[in-house]
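Coordinates in review
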Amino acid sequence: MLAGEAGAGVQKAIEIVVALGQIYGAADLVPVASVQVSGVSYKNLGEAGLEFLQEWVAQGAQARVPATLNPAGMDRLAWREMGFSEEFARRQEAVIAAYEALGITPTCTCTPYLVGHVPRLGQHLAWAESSAVSYANSVLGARTNREGGPSALAAAITGRTARYGLHLDGNRQATTIVEVHCPITSEADLGALGYRVGRQVKNGVPYFRFADWRLDIQDLKVLGAAMAASGAVALYHVEQVTAEAIAGTALEPGREAQRLVIDDLAPGYAALNGPAERVDLVSLGCPHASLAEMEAMAAALQGRRVTAKLWITTARATRQAADKAGLVARIEAAGGQVVADTCLVVAPVAELGFRTMATNSAKMALYAPSHSGLSVRFGTMEQCLEAAVTGRWS
């Protein structure tokens, strides 16, 4: 590959992979089972990013392993209803077409593990989306660093990534034991907890012990996303719950890990909440909503009517399943919209005139002010839906 025998596109890709390995002191490269590529929204890529992708296409590069895409900047079918311009839609579709020409499946979701792309324990990956990286490493016990968009694409084209960081046994053991002593009663509590731990652990590996809470799949997704956003935490363990904690490899025998006691979530809520009283937009589904979460939202909206804009973001495949189950119709009957393919962090929301938003996602609450210029209120799903109905935060 380095000699160019597989073509110029592959040569450029392997040069990126090798350069990263040299920077991080990797001993060798490792084959990857799958890749998840970020850098999909035209809002973030712009024309230079599109030309970068098209150049790789022109050089004949192709993915060698299964590879999926992160969310785009719009719902590919309902962008007009969302209010986005035809010019943006045209350029966004050109980005996705370039990825498809490179052999990347246009899943356009931050939760590939919810739509059939589930890695196995111990498999090496090259995933880019921070919340997906956290889930793959922590819940499933696969192995991936948080790749950048170009490095993930290079890994897809070469089928390899450099063996450093979380690909190595020694870097996957806990650095901090987190004792959670306060009650956890909602997904918002987990987001506030994840925010606090991420800020304090920063790039480390927390090991959670909960006094009275046993996390399910939805909880783990929420907790990991919050820590990834607030402190770049790419791997965490939960005692008796996550893969490597169950396997007994999460704690190094004889090693004294730091200890962190969390007995109050108020600092997390305070950091994630803005001052807005009125709410223009309510965003649920960051990371992308599962079918179970959409069932809960539809039930909570039964017999109600929203006055603020309500967008529930999810994967296209999940939306199709929700449509078959009648959930989309129930949400739309209340005035909400189930939006696929996109995330409001990467969508050009600023051009739509919204000023304030409510969300139950700590990741969204952290990113929306800087990425979209929105003032954000953060709370439970029930609080957010109440704000959607009344147009105010209470």
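Our subject is the structure listed above.
Note that the structure is a prediction, hence the values are computed from the model and not measured. (Residues numbered from 1 in each chain as written. Predicted model: local features only at pLDDT ≥ 70, side-chain atom pairs only at ≥ 80, totals over all residues. Heavy atoms only, no water.)

**Here's the deal with the nonpolar core**
Side chains that are nonpolar tend, in soluble globular proteins, to be buried together. Which entries qualify depends on this criterion: Here, nonpolar core means buried Ala, Val, Leu, Ile, Met, Phe, Trp, Tyr and Cys residues that are tied together by side-chain atoms lying within 4.5 Å of each other. Buried means the residue's accessible area, taken with a 1.4 Å probe over protein chains only, is under 20% of the maximum for its type, while exposed means over 50%, and partly exposed covers the values in between. Numbering goes from the N terminus for both helices and strands, where a helix is a DSSP run of H or I of at least four residues and a strand is a run of E of at least two. In this description, contact between two residues means that some pair of their heavy atoms is separated by no more than 4.5 Å.
Counting residues in hydrophobic clusters, the biggest one holds 100 residues, and the most contacted among them are V35, Y99, I104, L193, V197, F208 and F210. Broken down by element, this core gets its largest block of residues, seven residues, from helix α7 (residues 187-201). Here I104 is in contact with V37, A63, A67, T68, L69, Y99, L153 and A156, once residues within four sequence places are set aside. Counting 25 residues, the second-largest nonpolar core is a separate cluster that includes V279, L284, L301 and A334.

**Focus on the packing of aromatic side chains**
As a reminder, the rule being used: Working definition: a ring pair exists when centres of Phe, Tyr or Trp rings (six-membered ring for Trp) sit within 6.5 Å. Plane angles under 30 degrees give stacked, over 60 give edge-to-face, the rest tilted.
Inspection of every chain in the model, using the stated rule, returns nine aromatic pairs. For the pair Y24 and Y164, a centre-to-centre distance of 4.4 Å together with 0° between the ring planes defines the contact as stacked. Placement of Y24 in the loop between α1 (8-23) and β1 (29-31) and of Y164 in the loop between β5 (160-162) and β6 (176-180) is noted, with a sequence separation of 140 residues between them. Between Y113 and Y135, the aromatic rings sit 3.7 Å apart at their centres with planes inclined by 5°, giving stacked as the arrangement.

**A word on the environment of A315**
Assignment of secondary structure puts A315 in the loop between β11 (309-314) and α12 (316-324). Judged by its relative accessible area of 1%, A315 is buried. The contact partners of A315, leaving out residues within four places of it in the chain, are T109, V115, H288 and A340.

**Description of the sheet that holds strand β12 (residues 337-340)**
Here is the rule we go by: If DSSP finds at least two bridges between two strands, the strands pair. Helix axes use the C-alpha atoms of the stretch in contact, all axes being lines fitted to C-alpha atoms, and the angles between their N-to-C directions lie in the range 0 to 180 degrees.
What the five strands build is an open sheet, ordered β12-β11-β10-β13-β14; its pairing is parallel. The sheet terminates laterally at β12 and β14 (375-378), the two strands that pair on one side only. Here the average twist between neighbouring strands, direction ignored, is 30°. Here four bridges tie β11 to β12, and the two strands are oriented parallel to one another. Bridge pairing in β12 places T314 opposite A340.

**Details of the side chain of T313**
Spelled out, the test is: Pairs of N or O atoms within 3.5 Å make up the polar contacts considered here, provided that, within protein, one atom can donate a hydrogen while the other can accept it, and that residues adjacent in sequence are counted only when both atoms are side-chain atoms.
Examined against the element boundaries, T313 turns out to sit in strand β11. Of the residues examined, T313 reaches a relative accessible area of 1% and is grouped as buried. A polar contact is formed between the side chain of T313 and the backbone oxygen of G285, at a distance of 2.5 Å. Setting aside its immediate chain neighbours within four residues, T313 contacts L284, G285, C286, H288, A289, V339 and T342.

**Quick look at unusual backbone geometry**
Along the chain, C286 connects to P287 via a cis peptide bond; the corresponding omega equals -5°. A positive phi angle is found at A232, which is not glycine, with a value near 55°. With respect to the secondary-structure elements, A232 resides in the loop between α8 (217-231) and β8 (237-238). Overall, the relative accessible area of 38% leaves A232 in the partly exposed class.

**Side note on the packing of helix α5 (residues 130-138) against α8**
We count it as follows: Any angle that falls under 35 degrees is termed roughly parallel, while one over 145 is termed roughly antiparallel, one within 65 to 115 roughly perpendicular, and all others oblique. Note on convention: the crossing is left-handed when the near helix lies turned anticlockwise from the far helix by less than a right angle, right-handed when the turn is clockwise. The classification used treats Ala, Val, Leu, Ile, Met, Phe, Trp, Tyr, Cys and Pro as nonpolar, Asp, Glu, Lys and Arg as charged, and all other residues, Gly among them, as polar.
Following both chains from N to C, one finds α5 and α8 inclined at 125°, their axes separated by 8 Å at the closest point. Classed by the angle they form, the pair α5 and α8 counts as oblique. Relative to α8, the crossing made by α5 is right-handed. Residue-level inspection shows S130, S131, S134 and Y135 of α5 in contact with α8, the latter providing I217, K221, G224, A225 and A228. By residue class, the composition of the contact of α5 with α8 is four nonpolar, four polar and one charged.

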